[in-house]
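Reading the structure
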Amino acid sequence: MSGKFDRIIHESVTPVQCVDFYSNDPVSLDDHNALSNYKGPEEVVKALMEIEPKVENIARILDVCAGTGRLAKVLINNGFHNIDALDGSQMMLEEALRQGLYKNTVVSMIQPDLRLPIADDSYDVITASGTFAPGHLFSDCIPDLIRVLKPGGVMIFAMRTSYEKLSEQFGNFDSNILRDYESCQGMLAALARIMYNFDRDVVTDKLSPDECIKYYSKQPERYDEDVEASNYKGPEELARAIAEFSPAFDKNSRILDICAGTGRLAKQLKNFGFENIDALDGSEAMLKEAVSQGIYKNTFVSMIKSDGTLPIENDSYDLLTASGTFAPGHLYSDCIPVLLRVLKPGGMMIWAMREGYEKKSPQFEKFDPDIEALEQAGKAKLLGKKHIPLYLYEDGGFIYMLKKLSN
Ligand SMILES: C[S@@+](CC[C@H](N)C(=O)[O-])C[C@H]1O[C@@H](n2cnc3c(N)ncnc32)[C@H](O)[C@@H]1O
């Protein structure tokens, strides 16, 4: 590692000094990188293709601190062509332009107190290598980068692991991201969204029931990590609502948790004293997580389909609960009758659901009308639909309370 570059990777270097340094001698960075076994750009593109196998070559990509275009070369070799560059140094970008690597180039300083001259929601992918480093960019620049990323877009960057030894600030890089995002509304949500792309891949009508189960079964342990980073408040809001309604139930009431997953809702219900809880889910792997923690009395591995039936007798439960269950690609309102069958007459089905699904899925446009039809048929009565300000990410939700009247 040459001493020249060591000097610039230091927290005492100001943004302007950093850009001046690169502008003075753009070509020497390439020489240096060629000699230093620098694999950042290759690793970023590899990760992009592994994490996001569905990213198409038409995706709009913004390469941040693009420099002389090393990362763009790797992207182009892998079929991506729609790449723009952002860098504070015109001189560095000229090198890239000479080689025709980028469609557009934006010369702009990237600093936490500056807004980039790029419109919101412009890019599918943001890439960066050699960008986050002492004397260069820190995590406080990420919010404005996320702003220019489309919802559901992905930001992938490579960073050296040794920076925490060079800079106290970098010792806290990851935890600062989480802290910063928590303190600026909705940004933790945005971060979760770019990291996991959960919404785009899983909460979609395009997913068949079997594909949905496959998704959850592939990575049950990752589910809890994902939702913890996504501000998922459904289970606790739902448990609270049930407890408030609880004169209707006691701690021995028989409860069936629908699409129980790893048991997040049951844990919350237990905090309110409910003990007699069974679980049903199409994914054995998800339920295994819950079983290993002894959360449920009985578990049923079963798909829930509008034209199917559950391996449970009629009129078995006092209460059916569900959080994260009714969603595009998961359960739709046409499954409600299948579920009501196992509920005792007079029993309740209470669930939490994210608001706005009707904008994403034509089938969700008829969610409430389908419930009205059950009411008109004398099968059930909707006792309440309560708005909750936070359900998942920065979105609110609703708690539905449906009483079964007859079979
Ligand atoms: C978002 S998770 C919710 C888990 C849990 N209720 C929670 O709040 O954390 C959705 C769960 O629904 C299950 N699931 C999705 N579609 C299903 C279906 N058609 N039949 C049975 N289970 C299904 C998945 O296996 C997954 O465990």
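Reference entry: report on the structure contained in this document. If you're wondering where the values come from, they're calculated on a predicted model, not measured in any experiment.

Before going further, it helps to examine the packing of aromatic side chains. Throughout the structure, instances matching the rule amount to 14 aromatic pairs. Measuring from centroid to centroid gives 5.4 Å for Y332 and F364, while their planes differ by 50 degrees, and the two rings are tilted. Of this pair, Y332 sits in the loop between β9 (317-323) and α18 (336-340) while F364 is found in helix α20 (residues 362-365), placing the two residues 32 residues apart along the sequence. The exposure class of F364 is buried, given its relative accessible area of 4%. Connected via pairs of aromatic rings, a cluster forms that spans F326, Y332, W351, Y357, F364, F367 and Y400. Here R254 stacks its cationic end above the ring of Y317, 4.4 Å away from the centre of that ring.

As a structural note, the neighbourhood of the ligand is formed by 21 residues, with Y223, Y232, C259, D281 and S323 the closest of them. Burial of the ligand by the surrounding chains reaches 98%, relative to a free accessible area of 600 Å².

Turning our eyes to something else, we now look at the sheet that holds strand β6 (residues 255-258). Reading across from one edge, β8-β7-β6-β9-β10-β12-β11 is the order of the seven strands in this open sheet, with mixed pairing throughout. Where the open sheet ends on each side, the last strands, each with one partner, are β8 (299-301) and β11 (380-392). Neighbour-to-neighbour, the strand axes of this sheet turn through a mean angle of 15 degrees, independent of strand direction. As judged from the nine bridges shared by β11 and strand β12 (residues 395-404), these two strands associate in the antiparallel manner. The partner of G384 across the bridge, within β12, is M401. Across the sheet, helix α17 (residues 284-292) is in contact with β7 (277-281) and β8; its angle to β8 comes to roughly 165 degrees. Sitting on the sheet, helix α21 (residues 367-376) touches β10 (343-354), β11 and β12, and the angle it makes with β11 is about 155 degrees.

So, about the pairing of β12. Taken across its 10 residues, β12 has seven buried, putting it largely inside the fold. Relative to β12, β10 runs antiparallel, the two sharing seven bridges. Along β12, the bridge assignment pairs M353 with F398. Between the antiparallel neighbours β11 and β12 lie two residues, among them Y393 with a positive phi of about 50 degrees.

Cut-off values and rules
Residues numbered from 1 in each chain as written. Predicted model: local features only at pLDDT ≥ 70, side-chain atom pairs only at ≥ 80, totals over all residues. Heavy atoms only, no water. Phe/Tyr/Trp six-rings, centres within 6.5 Å; stacked < 30°, edge-to-face > 60°. Helix = DSSP H or I, 4+ residues; strand = E, 2+ residues; numbered from the N terminus. Buried < 20%, exposed > 50% of the residue type's maximum accessible area, 1.4 Å probe, protein only. Lys NZ or Arg CZ within 6 Å of the ring centre and 35° of its normal. Near = heavy atom within 4 Å. Areas by Shrake-Rupley, 256 points an atom, 1.4 Å probe, with all protein chains shown as cover. Pairing = 2+ DSSP bridges. Axes fitted to C-alpha atoms, helices over the stretch in contact; angles between N-to-C directions. Contact = heavy atoms within 4.5 Å.

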